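Structure at a glance
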Amino acid sequence: PARLRVLSGIQPTADSFHLGNYLGALRQWVLLQDTHETYYMVVDLHAITVEQDPKVLRQRTRVSAAQLLALGVDPERSALFVQSHVPEHAQLSWVLECQTGFGEASRMTQFKDKAAKQGTDHASVGLFTYPILQAADILIYQANAVPVGEDQRQHLELSRNLAQRFNRRYGKTFTVPEPHIVKDTAKIFDLQDPTSKMSKSASSPNGLIELLEDPKRSAKKIRSAVTDTGRDIVFDPEEKAGVSNLLTIYSALDGRTVPELEAAYAGKGYGDLKKDLAEVLVEFVTPFQERVQSYLDDVAELDKVLAHGAERARAVAAETLALVYDRVGF
Ligand code: ADP
Ligand code: NA
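Here the structure is a predicted model, which means the values were calculated and not measured.

Attention now goes to the overall build of the protein. The helix and strand tally for the protein stands at 13 helices and five strands. Over its C-alpha trace the protein gives a radius of gyration of 21 Å, about what one expects of a compact globule, namely 20 Å for 330 residues. Sequence separation of 24 or more characterises 75% of the internal contacts of the protein that already satisfy a separation of 6 or more. Accessible surface, the protein: about 16,000 Å² in total, of which carbon and sulfur atoms supply 52%. Between the centroid of the 38 positive side chains of the protein and the centroid of its 44 negative side chains there is a distance of 2 Å.

Okay, structure coming up:
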């Protein structure tokens, strides 16, 4: 049987991915290549919903792609591309905007949250219609499955509604995507405030591990991570959020299960755990950074890889768009 098709994207809005991005999402991208037909993109169209410096955006787009390659996204197995290189996303988005109720779009809570932060007068219309572009991203590839975290559930629901509505109105056109709940996705917490999630925007510099920062700096952050006053190394997110977070990171990077780690550290102290985890992390990021650098040393080759990915993506996207245009009477 044909493999199910999966689509996912990440924004080029930081100089580096962070450990939460990797352990919570990108690691699954790599694994899904074994079982699914995978489409992965750097979503630069989504990035400009808030103001971006053009030079910085262009650089971050390439660095994002280089990081995906260095993490194990294989451009032969996956279509790896930059969203703006496939114009059909924006073209389908317009058609879908015309299928979306204003009230329906207004109920998207992520817009409300983000607009509240920026002030509604300053928030762009693009930020408002962002979930519709996201629906286009998914539907243009007839994706069966979309890996989603809790914060994206409502947007996937909109994609499903739009697919079903369009199909009812114009005849079967789109695959209705299902959420792909990935097992073993780790939620990673801020090292300095282990009750809030590690995040590029909300974490303090010492609470956030950036994959491209100096590994010595990362090691230091691990060694100075906040832990509680007890001494036993046990996984207990309620009572021991800091230690539990370190165990989650350790397990994800090293392959041992949390119970195996608990057993290995029985009778040892937090200092031992942090010291060892710092080493494991350095051993992971050092060769990763070398691979990223080698991709960035040959930008022409990197751009060629991305052009090849866009070509593969367009072959599918153009077919869907042609059908959609025909259906609506263009
Ligand atoms: P951020 O929250 O830092 O702005 P994004 O929202 O751009 O990161 O997230 C990109 C991907 O990384 C999403 O799939 C998101 O679920 C995942 N992700 C981000 N932070 C974490 C975290 N702390 N733990 C697990 N996954 C995370
Ligand atoms: Na976020």
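Okay, the site of ligand 1 next. Taken together, 13 residues sit near ligand 1, with His 18, Asn 21, Ile 188, Met 198 and Lys 200 positioned nearest. Met 198 has a polar backbone atom sitting 2.8 Å from a nitrogen atom of ligand 1. One nitrogen or oxygen atom from the main chain of Lys 200 is found 2.9 Å from an oxygen atom belonging to ligand 1. Alone, ligand 1 offers 530 Å² of accessible surface; in the complex the protein occludes 76% of this. For the shell around ligand 1, a count of residues per class yields five nonpolar, five polar and three charged.

Do not read the predicted coordinates in detail wherever pLDDT is low. With 99% of its residues at a pLDDT of 70 or more, the protein has an overall mean of 95. Scored by ipTM, the complex comes to 0.94, with pTM at 0.95.

A word on the UniProt feature "binding site: L-tryptophan" (unreviewed entry) in the protein. In this numbering, the UniProt entry assigns the feature "binding site: L-tryptophan" (unreviewed entry) to Asp 137. In this fold, Asp 137 is placed in helix H7 (residues 125–139). With a relative accessible area of 2%, Asp 137 lands in the buried category. Excluding residues within four positions of it along the chain, Asp 137 makes contact with Leu 7, Met 41, His 46, Gln 83 and His 89.

Formed by 58 residues in total, the largest nonpolar core has its most connected members in Leu 23, Leu 68, Leu 211 and Leu 253. Of all the elements, helix H12 (residues 270–297) adds the most residues to this core, at 11 residues. Ignoring any residue separated from it by four or fewer positions in sequence, one finds Leu 68 in contact with Ile 10, Phe 17, Leu 26, Trp 29, Val 42, Val 73 and Leu 80. Met 108, Ala 136, Ile 138 and Val 146 belong to the second largest nonpolar core, which has 33 residues in total.

Throughout the structure, instances matching the rule amount to 11 aromatic pairs. Seen from their ring centres, Tyr 39 and Tyr 141 are 5.0 Å apart, and the 25° between their planes marks the pair as stacked. Taken as a pair, Tyr 39 in strand S2 (residues 37–42) and Tyr 141 in the loop between H7 and strand S4 (145–147) lie far apart in primary sequence, 102 residues in all. Like Tyr 39, the residue Tyr 141 is buried in the burial classification. Sitting over the face of the ring of Tyr 130, Lys 114 holds its NZ or CZ atom 5.4 Å from the ring centroid. One cation-aromatic arrangement involves Lys 268 over Tyr 265; the distance from NZ or CZ to the ring centre is 5.3 Å.

The next point concerns the side chain of Ser 159. Take Ser 159: it is sitting in helix H8 (residues 153–170). With relative accessibility at 1%, the residue Ser 159 sits in the buried group. Excluding its chain neighbours within four sequence positions, the residues that come into contact with Ser 159 are Gln 134, Ala 135, Ile 138, Leu 139 and Pro 177.

This next bit is on the pairing of S2. Buried residues dominate S2, accounting for five of its six residues. The pairing of strand S1 (residues 5–10) with S2 spans six bridges and is classified as parallel. Paired with Ile 10 across the two strands is Val 42, which belongs to S2. This β-α-β element, S1 to helix H1 (residues 19–32) to S2, shows right-handed connectivity. The pairing of S2 with strand S3 (residues 78–82) spans five bridges and is parallel. Bridged to Met 41 within S3 is Phe 81.

What follows deals with helix H13 (residues 299–328). If you check H13, its first and last C-alpha atoms are 41 Å apart, about what 30 residues at 1.5 Å a residue would give, namely 44 Å. Taking the largest bend as the criterion, H13 deviates by roughly 30°, centred on Arg 314. Taken as a whole, H13 has its buried residues at Leu 302, Val 305, Leu 306, Gly 309, Ala 310, Ala 313, Val 316, Ala 317, Thr 320, Leu 321 and Val 324.

Right, let's get into the environment of Asn 144. When you line up the elements, Asn 144 lands in the loop between H7 and S4. Separated by 18 residues in sequence, Asn 144 and Leu 162 place their C-alpha atoms 14 Å apart. The contact partners of Asn 144, leaving out residues within four places of it in the chain, are Leu 4, Arg 5, Thr 175, Val 176, Pro 177 and Glu 178.

Definitions and cut-offs
Residues numbered from 1 in each chain as written. Chains lettered and ligands numbered in written order. Predicted model: local features only at pLDDT ≥ 70, side-chain atom pairs only at ≥ 80, totals over all residues. Heavy atoms only, no water. Helix = DSSP H or I, 4+ residues; strand = E, 2+ residues; numbered from the N terminus. Rg over C-alpha atoms; globule rule 2.2 N^0.38 Å. Contact = heavy atoms within 4.5 Å. Areas by Shrake-Rupley, 256 points an atom, 1.4 Å probe, with all protein chains shown as cover. Lys, Arg positive; Asp, Glu negative; His and termini not counted. Charge placed at Lys NZ, Arg CZ, Asp CG, Glu CD. Near = heavy atom within 4 Å. Polar contact = N/O pair within 3.5 Å; in protein donor to acceptor, adjacent residues only side chain to side chain. Nonpolar A, V, L, I, M, F, W, Y, C, P; charged D, E, K, R; others polar. pLDDT = per-residue confidence, 0-100. UniProt positions renumbered as here; feature names shortened; annotations may be inferred. Buried < 20%, exposed > 50% of the residue type's maximum accessible area, 1.4 Å probe, protein only. Core = buried A, V, L, I, M, F, W, Y, C linked by side-chain atoms within 4.5 Å. Phe/Tyr/Trp six-rings, centres within 6.5 Å; stacked < 30°, edge-to-face > 60°. Lys NZ or Arg CZ within 6 Å of the ring centre and 35° of its normal. Pairing = 2+ DSSP bridges. Right-handed = clockwise from strand over helix to strand, strands pointing away. Expected span 1.5 Å × (residues − 1). Bend = angle between axes of the 7 residues up to and from the residue.

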